[in-house]
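One-letter residues, chain by chain:
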Amino acid sequence: MTHALCPRLLLSPTASAGTPAQQGRQSRPQQGVEIIGTGQFLPSGTISNHDLSKLMDTNHDWIVQRTGIANRHRADLASGETTKVLAANALRAAMQNAGITAKDLDVLICATMTPEMTCPATANLVANDVGMAHGASFDLVAACSGFVYGLNVAHDLIKCGTYRTIGLVGADTLTRLMDYTNAGRGTAILFGDGAGAAILRATPDATKGIISQAMHSDGTGWKDIYVPNTPHDFPSGIACDATKFGHVQMNGASVFKFAVGTFSELIQQTLDKAGLQASDIDMFVCHQSNSRILQAARERFGLPEEKLYVNIHRVGNTVGASVPLCLDDLRQAGRIKPGMKVLFLAFGGGLTWASSLWQM
Ligand code: UT7
């Protein structure tokens, strides 16, 4: 984020004094950022492992052993339960929790890879549904990393003094992109639908907000998770197969290997930037992709079970909703409180990966 993007900084009365470097430091508004509310929405429909075993050659024990998942929620598309509906419900809950209304929002960001349509952005539709009459709204596409990318972007938009209150939603309806036959069984067992939201706001307490962050992508890994819709969408060497159109294609083993290594590197990199140890962190809020990936990170850093939250057994992998669902669970349970250090982590399609370490 450059200062050129921050009108308040350009108008700052301190900007005329000192060297350019000093001017930059002096003109930075001394304010922090806090998460003042969270909310979530899970559709009432569910798909259990038992339900899946009636559709494809799989069973409860295999799924639990390989992924830790027992249940997922499924939006009812036929009755209009789409991504924007889930997102708007989660955002309303977060605004209520924060004690604000849509009129207080300056920006709305929706992290999703299952948008309502190509144009307009899902965020524009959600803004309309919740009655956000002014301000900016846009989608952020970074698959499972979307919400953590969004935390970093929203935080810095506030920190630089341009905006005061931002709504950030992670919402996805991946079940509509699943192939619930034997051909898709390696992928369909993982994903569920949901939405989670957070309200970020400027605070005079400059100690609050992001301590360190990282955002990465590696486009060479795009073919590990993609959704083909035309014959041109298949990687070279993979024959076009029209039965795969509209279904997530995932190289599970390759993503698994990437995720285990990346999680550890990302945690270490974020801690190093902050000059902290893993033991200094009060809570790890991680993308829920597979309980074995989470377990590997926990063992690598010697974390006690209660410091790395897991809800994957209940909701599966909800992509952009995964991290904010965990965040809301933990806040509602009183396990994330002001004063704590909380590390958000995610990885996913793109390939993308990101972290956001907060002083709450
Ligand atoms: O959000 C980020 C995106 N995705 C991920 O993080 C996914 C990361 N990857 C994974 O979580 C795991 O790779 C999976 C859970 C997807 C798969 O687990 P795995 O231990 O890597 O299994 P596998 O793909 O190596 O398959 C092992 C065996 C195979 O049979 P053979 O060849 O050994 O006879 C599969 O055909 O398990 C079979 N299999 C199944 N069996 C029962 C694959 N899917 C299923 C299934 N039920 N649903």
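Along each chain, the written sequence defines residue order, and numbers are assigned to residues from 1. Whole-chain, interface and lining totals are the exception, using all residues; otherwise, since this is a predicted model, local features are given only for residues with pLDDT of at least 70 and side-chain atom pairs are given and counted only at 80 or more. Only hydrogens and water are removed before side-chain values are computed, so all heavy atoms of the structure are retained for them.

Draft legend 1. Spatial organisation of the state of the cysteines. Note on terminology: disulfide denotes any pair of cysteine sulfur atoms within 2.5 Å. In total, this model carries 0 disulfides according to the counting rule given. Free cysteine cysteine 110: the closest other cysteine sulfur is in cysteine 144, separated by 14 Å. The structure places no disulfide on cysteine 144, whose sulfur is separated from the nearest cysteine sulfur, that of cysteine 326, by 12 Å. For every residue, the accessible area obtained with a 1.4 Å probe (protein chains only) is divided by the maximum for its type, and the residue is called buried under 20%, exposed over 50%, and partly exposed between those limits. Take cysteine 144: its relative accessible area is 9%, and that puts it in the buried class.

Draft legend 2. Summary view of the packing of helix H5 (residues 83-98) against helix H6 (residues 122-130). For helices, the fitted axis covers only the stretch in contact; all axes are lines through C-alpha atoms, and the angles between them, taken along N-to-C directions, range from 0 to 180 degrees. Strands here mean DSSP runs of E at least two residues long; helices mean DSSP runs of H or I at least four residues long; both are numbered from the N terminus. Viewed as axis vectors pointing N to C, H5 and H6 meet at an angle of 55°, and their least axial separation amounts to 9 Å. It follows that H5 is oblique to H6 by the angle criterion. The crossing of H5 and H6 is right-handed. Contacts between H5 and H6 involve Thr83, Lys84, Ala87, Ala88, Leu91, Arg92 and Met95 from the former and Thr122, Leu125, Val126, Asp129 and Val130 from the latter. The classification used treats Ala, Val, Leu, Ile, Met, Phe, Trp, Tyr, Cys and Pro as nonpolar, Asp, Glu, Lys and Arg as charged, and all other residues, Gly among them, as polar. When its residues are assigned to classes, the contact of H5 with H6 shows 7 nonpolar, 2 polar and 3 charged. Relative orientations are named as follows: roughly parallel for angles under 35 degrees, roughly antiparallel for angles over 145 degrees, roughly perpendicular for angles from 65 to 115 degrees, and oblique for any other angle. For a crossing to be left-handed, the near helix must be turned anticlockwise from the far one by less than a right angle; the clockwise case is right-handed. Any two residues whose heavy atoms approach within 4.5 Å are treated as being in contact.

Draft legend 3. Quick peek at the sheet that holds strand E7 (residues 193-203). Being paired, for any two strands, means DSSP has found at least two bridges between them. Here we have 5 strands laid out as an open sheet, ordered E1-E7-E6-E4-E5, and mixed in their pairing. Edge positions in the sheet fall to strand E1 (32-41) and strand E5 (136-140), since each of these pairs with one other strand and no more. For this sheet the average axis-to-axis angle between neighbouring strands, irrespective of direction, equals 20°. The sheet strands contacting H5 are E1, strand E4 (107-111), strand E6 (165-173) and E7, and the helix crosses E1 at an angle near 130°.

Draft legend 4. Just the domain arrangement of the protein, in detail. An automatic or database domain assignment supplies the residue ranges for each domain. Split by domain assignment, the protein resolves into domain 1 (32-203) and domain 2 (209-359). On a C-alpha basis, the centres of domain 1 and domain 2 stand 15 Å from each other. In this complex, domain 1 contributes 52 residues to the contact, which on the side of domain 2 involves 47 residues. Reported buried area values correspond to the accessible surface (1.4 Å probe) lost by two parts on association, with both partners' losses combined. Roughly 3800 Å² of surface becomes buried between domain 1 and domain 2 when both sides are summed, with 60% attributable to carbon and sulfur atoms. Looking only at domain 1, the three residues that lose the most surface to domain 2 are Cys144, Tyr149 and Asn152, adding up to 16% of its buried area. By definition here, a salt bridge exists when the distance from a side-chain nitrogen of Lys or Arg to a carboxyl oxygen of Asp or Glu is within 4 Å. Connecting domain 1 to domain 2 are 0 salt bridges. Two N or O atoms count as a polar contact when they lie within 3.5 Å, although within protein this holds only if one can serve as hydrogen donor and the other as acceptor, and sequence-adjacent residues are included solely when both atoms are side-chain atoms. On the surface where domain 1 and domain 2 come into contact, there are 27 residue pairs in polar contact (both at pLDDT 80 or more). At the level of elements, E1, helix H4 (60-67), strand E3 (71-73), helix H7 (146-159), E6, helix H8 (185-188) and E7 are the ones that each hand at least two residues to the side of domain 1 that touches domain 2. Per-element accounting of the side of domain 1 that touches domain 2 gives the leading share, 8 residues, to E1. A breakdown of the residues in the side of domain 1 that touches domain 2 according to their chemical character gives 25 nonpolar, 19 polar and 8 charged.

Draft legend 5. Inspection of the side chain of threonine 67 at higher detail. Mapping threonine 67 onto the fold places it in helix H4. In terms of polar contacts, threonine 67 uses its side chain to reach the backbone amide nitrogen of isoleucine 69, at 3.0 Å. With near-sequence residues (within four places) excluded, threonine 67 lies in contact with Ile189, Leu190, Asn290, Ser291 and Ile312.

Draft legend 6. Geometry of the environment of cysteine 286. Relative to the elements of secondary structure, cysteine 286 occurs in strand E11 (residues 283-286). By relative accessible area, which is 1% here, cysteine 286 ends up buried. Each C-alpha atom, one on cysteine 286 and one on serine 322, is 8.0 Å from the other, the two residues being 36 residues apart in sequence. Excluding its chain neighbours within four sequence positions, the residues that come into contact with cysteine 286 are Phe263, Leu294, Leu308, Ser322, Val323, Cys326 and Leu345.

Draft legend 7. Representation of the confidence of the model for the protein. Scored from 0 to 100, pLDDT records how confident the predictor is in each individual residue. Confidence in the prediction of the protein, expressed as mean pLDDT, is 92, and 92% of residues score 70 or more. Between residues 1-25, whose pLDDT stays under 50, and residues either more than four places distant or in other chains, the model counts 28 contacts.

Draft legend 8. Seen up close, the site of the ligand. Not every one of the 22 residues close to the ligand is listed here, only the nearest: Thr58, Arg66, His287, Asn290 and Asn317. Contacts to the ligand include asparagine 290, whose side-chain N or O atom sits 2.7 Å from an oxygen atom. At 2.7 Å from an oxygen atom of the ligand is found a side-chain nitrogen or oxygen belonging to asparagine 317. Protein contact buries 71% of the 950 Å² of open area that the ligand shows by itself. It is helix H9 (residues 252-274) that contributes the most residues to the shell around the ligand, 4 residues altogether. Partitioned by chemical class, the residues of the shell around the ligand number 10 nonpolar, 8 polar and 4 charged. Two domains each put at least three residues into the shell around the ligand: domain 1 (32-203) and domain 2 (209-359). A single heavy atom is enough: if one lies within 4 Å of a molecule or strand, its residue is considered near that molecule or strand. Methods summary: accessible areas were calculated by the Shrake-Rupley approach with a probe of 1.4 Å, and residue burial reflects only the protein chains presented.

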